[in-house]
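# Notes for the structure review
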Amino acid sequence: MSRVTRFAGRDPGATARMAGFMAHLRENGLRLGVQETEAALTALTYVDAAQPAETRRALKAICTGCKDDAQQFDALFDSFWMDAGRVRTKVMPKRTAPSKGDDSVHSSRNAKGEDAGGAGDATAPEAGQGEAENDGEGKLIATEMRNLSRRDLRDLIQPEDIAEAEAIARRLGLALRDRRSRRRVAANKGDRLHFRKTIRRSLATGGEPIRLIQRKRPDRSRKIVALCDVSGSMTVYAQVYLAFLAGLMRGDFTADAYLFHTRLVRITEALRDKDAMRAIGRMSLMADGFGGGSKIGESLDTFAHTYARKFVDGRSVVMIFSDGYDTSPPAHIDAALATLRKRGCRIIWLNPLKGWRDYQPVAAGMAAALPHLDRFAAANTLADLAALEMELVTL
Amino acid sequence: MTSWTDLQSALAAENYVASDDLAVSLHLALSLQRPLLLEGAAGVGKTEVARVLAAAQNTKLIRLQCYEGLDAAQAIYEWNYQRQLLAIRASSEAGETGKQVEDRIFSREYLLERPLLAAITQAQAPVLLIDEIDRADEEFEAFLLEILADYQITVPELGTITATTVPTVILTSNGTRDLSDALRRRCLFAYVDYPDRETELAILQARCAGIETRLAEKIIGFVQTLRKEDLEKVPGIAETLDFAAALMGLGIADLTADPAALQATLTTLLKTQSDRAHITTEVAQRIAGKAA
């Protein structure tokens, strides 16, 4: 039997099918416009469109925009064109497509990134609703369902907190500003003469350099990368930290944020949503396993070997929000932080327990981490975080 | 109209083994005259694609290497201030009027072409390689959008310079930062991964003429297994070629015969101190044993 999908006789033709395919891709998280549909149709005239493999390659070049899309594409193509589609409800071919929850994460991270195949899909039809619900128009969703307990983080965080946190994040960002850029840029007040610009301007005065233009070293901001532990023992502090992360993302466009419990999830893109509460909602979808156990060492290790390779450099400050209670051996944390350190970044560990009187970092994980840290501080409230500003200036 | 397989064989004639996915993407980029964004780890041959494509099409390769702080003056055009200045000095002695001088010093003669302007003013469409676009600032990326969409550049003093030919644009990115959606949407996309065993073997045989098949297979087996180890810097194709050249130069035909010699040649594959420490002689022998 042919593996090619047979379309109904009333189907109006190739253009409509292509539009249908684009809609199918959009439903599965690829961001495509009308222009792409047009480009896709044009592209098919340059390859042998009767050959599924060629069509697949051509459409892949047009419709994908990053590595995640590219990895997801083959399954989506099969489900629409190759008779694996036309499914009435939810089930799709076996593969691990990234969830819709992180559809906007356009990073080119390694395939090892732990959140691939993470959260289930909010728009996938519910299982067990019975045949009555299935009218044959069910969406083709190429993701696997994962039934994990999910928590709506919006219950935890108030908009006022985010506004306050945003202000704090901005101030911290300023405090971390590094004033040593090696390149100089033109400026009215600077320490050196900008020869090229001076000569350029002198043309207006017949070659006499009347107005001298200076150069100076511009401010170079440090980039904040925040990793927040959201395991069970951290739940009470999650409110503060998540507000801080949300504020940070809104106040500082270079910042990067991650959550971890038993695995690591990048939440940067989700948090950049213009609507703060919607951002938190999107994040909730990714935060499956919130309040569960914590594998700090493994999460940090994943981070050091995947995202950090791309997003962390000598100008980054990595902030880790965690109490250090780890279920895996402390050697993991030690090794992960050592790897991370090699990237030249500063590491700050904010431990809510440190605010307690007589607290000693005796938890094995915390003790293993200490030698690698530039700062080890307490931060139980937004006010504590704000107070860190002075300390960070000296980093 | 040629097909993508023709392009693939044209690239093969230049000793570049392109995967089917990549060949179709390149073919579409040429046919649709759209820029092509290549993404992938360092050392998988992204930059090489552009060089080989230019050679296969017998046209010029214009390369723009991006870096942090790259600005329009360095990428598009700049006035030749020194020459303009001299012209002003000389003209004041010759007694030219201000208008005449102005017309002269703001002509194409005094314009220094940088890669982007050069790319659109060629008689024969060149290949424009914008290398490591993720290193450039976001402002520059936005700036590029305009040029890639219209293929025209406006010089305030001269007016708009429209492309005489539309260059084949290839952008590469290592993913050190997220590129904007706007840029991604204007480009076709291909992800270039480390090649599989057969492809890499084909590359090795194309580049190292006269290598024994048995040795080539062992080398590829070794490198492919090595890539699965926990390394800081995973070796790319260029490293594989260096490794093969080193083995051939030392006359080593069997990877397991002389552990010390193999260890010495690993300098071509391992580029950090910790990777070297990680791949000890025993580990290297284990990998070589598996590869054989």
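Calculation rules
Residues numbered from 1 in each chain as written. Chains lettered and ligands numbered in written order. Predicted model: local features only at pLDDT ≥ 70, side-chain atom pairs only at ≥ 80, totals over all residues. Heavy atoms only, no water. Pairing = 2+ DSSP bridges. Helix = DSSP H or I, 4+ residues; strand = E, 2+ residues; numbered from the N terminus. Axes fitted to C-alpha atoms, helices over the stretch in contact; angles between N-to-C directions. Contact = heavy atoms within 4.5 Å. Expected span 1.5 Å × (residues − 1). Buried < 20%, exposed > 50% of the residue type's maximum accessible area, 1.4 Å probe, protein only. Arc of directions from axis to C-beta. Buried area = accessible area lost by both parts, 1.4 Å probe. Salt bridge = Lys/Arg side-chain N within 4 Å of Asp/Glu carboxyl O. Polar contact = N/O pair within 3.5 Å; in protein donor to acceptor, adjacent residues only side chain to side chain. Nonpolar A, V, L, I, M, F, W, Y, C, P; charged D, E, K, R; others polar. Lys, Arg positive; Asp, Glu negative; His and termini not counted. Phe/Tyr/Trp six-rings, centres within 6.5 Å; stacked < 30°, edge-to-face > 60°.

- The name that an unreviewed UniProt entry assigns to chain B is MoxR-like ATPase, with the source organism given as Shimia isoporae.

## A word on the sheet that holds strand S6 (residues 264-266) of chain A
Residue and element names in this part refer to chain A.
- Sheet architecture is open: six strands sit in the order S6-S5-S4-S7-S8-S9, paired in mixed fashion. Looking at strand neighbours, the two that pair on one side only are S6 and strand S9 (375-377), the edges of this open sheet. Geometrically, the sheet is characterised by an average inter-axis angle of 20° between neighbouring strands, direction not taken into account.
- Here three bridges tie strand S8 (residues 346-350) to S9, and the two strands are oriented parallel to one another. Each bridged residue has a counterpart across the sheet, and for Leu-350 the counterpart in S9 is Ala-377.
- Where helix H10 (residues 296-305) meets the sheet, its contacts fall on strand S4 (223-229), strand S5 (256-260), S6, strand S7 (316-321) and S8, and the angle it forms with S4 comes to roughly 150°.
- Contacting S7 and S8, helix H12 (residues 330-341) runs over the sheet at an angle of about 140° to S8.

## Side note on H12(A)
Residues and elements named next belong to chain A.
- The end-to-end C-alpha distance of H12 is 17 Å, a good match for the 16 Å that 12 residues give at a rise of 1.5 Å each.
- Listed in full, the buried residues belonging to H12 are Ile-333, Ala-336, Leu-337 and Leu-340. When H12 is viewed along its axis, its buried side chains cluster within an angular range of 95° and face the same direction.
- Packed against the buried residues of H12 are H10, helix H11 (307-311), S7, S8 and helix H13 (364-369).

## A few points about the environment of B:Ile147
All names here are of chain B.
- As for its position among the elements, Ile-147 is in helix H8 (residues 138-150).
- Ile-147 gets classed as buried once you look at its relative accessible area, which sits at 8%.
- In this structure, the C-alpha to C-alpha distance between Ile-147 and Leu-116, residues 31 residues apart in sequence, is 8.3 Å.
- In contact with Ile-147, other than residues within four places in its own chain, are Ile-76, Leu-116, Gln-152 and Ile-153.

## Looking at the interface of chain A and chain B
- With 42 residues of chain A at the interface, the matching set in chain B holds 39 residues.
- Of the roughly 3600 Å² buried between chain A and chain B, counting both surfaces, carbon and sulfur atoms make up 51%.
- Per-residue buried area on chain A facing chain B is highest for A:Tyr46, A:Arg57 and A:Arg200; these three make up 18% of the total on that side.
- Taken together, chain A and chain B are joined by 10 salt bridges.
- For the pair chain A and chain B, the number of links is 17 residue pairs in polar contact (both at pLDDT 80 or more).
- Mapped onto the side of chain A that touches chain B, the elements with two or more residues apiece are helix H2 (34-44), helix H3 (52-63), helix H4 (67-81), helix H6 (195-202) and H11 of chain A.
- When residues of the side of chain A that touches chain B are assigned to their parent elements, the largest contribution, six residues, is made by H3(A).
- Here the residues of the side of chain A that touches chain B sort into 12 nonpolar, 13 polar and 17 charged.

## As for the pattern of salt bridges
Residues and elements named next belong to chain A.
- Inspection of the entire model under this criterion finds 28 salt bridges over all chains.
- With a closest N to O distance of 3.1 Å, Asp-78 and Arg-56 form a salt bridge. Remark: Arg-56 occurs in helix H3 and Asp-78 occurs in helix H4; sequence separation between them is 22 residues.
- Residue classification places Asp-78 among the buried residues on the basis of a relative accessible area of 19%.

## What about the sheet that holds strand S1 (residues 36-39) of chain B?
All names here are of chain B.
- Taken together, five strands build an open sheet; the order of strands is S2-S5-S8-S1-S9 and the sheet is parallel. Of all the strands in the sheet, the pair left with one neighbour each is strand S2 (61-65) and strand S9 (188-191). Strand-to-strand twist across the sheet, computed as the mean angle between neighbouring axes with direction ignored, equals 20°.
- In terms of strand pairing, S1 meets S9 through four bridges, oriented parallel. When the bridges of S9 are listed, Leu-36 appears paired with Leu-188.
- The strands touched by helix H2 (residues 20-32) within the sheet are S1, strand S8 (168-173) and S9, with S9 carrying the most contacts at an inclination of about 160°.

## With respect to the side chain of B:Lys46
Residues and elements named next belong to chain B.
- You can see Lys-46 is positioned in helix H3 (residues 46-56).
- We note that Lys-46 is buried and unpaired, the nearest opposite charge coming from Glu-132 at a distance of 6.7 Å.
- There is a polar contact of 3.0 Å between the side chain of Lys-46 and the backbone oxygen of Gly-40.
- At 2.9 Å, the side chain of Lys-46 and the backbone oxygen of Ala-41 are in polar contact.
- Once you skip the residues sitting within four places of it in the chain, Lys-46 turns out to touch Leu-38, Glu-39, Gly-40, Ala-41, Thr-172, Ser-173, Asn-174 and Val-192.

## Points about the packing of aromatic side chains
Residue and element names in this part refer to chain A.
- Tallied over the full model, the rule gives 14 aromatic pairs over all chains.
- Consider the rings of Phe-73 and Phe-77, whose centres lie 6.1 Å apart with planes at 35°: the pair is tilted. Taken as a pair, Phe-73 and Phe-77 lie in helix H4 at a separation of four residues, close to a single helical turn. The same class applies to Phe-73 and to Phe-77, which are both buried.
- Taken together, a centroid distance of 4.6 Å and an interplanar angle of 45° make the contact between Tyr-241 and Phe-321 tilted. One end of the pair, Tyr-241, is in helix H7 (residues 235-251); the other, Phe-321, is in strand S7, with 80 residues separating them in the sequence. Like Tyr-241, the residue Phe-321 is buried in the burial classification.

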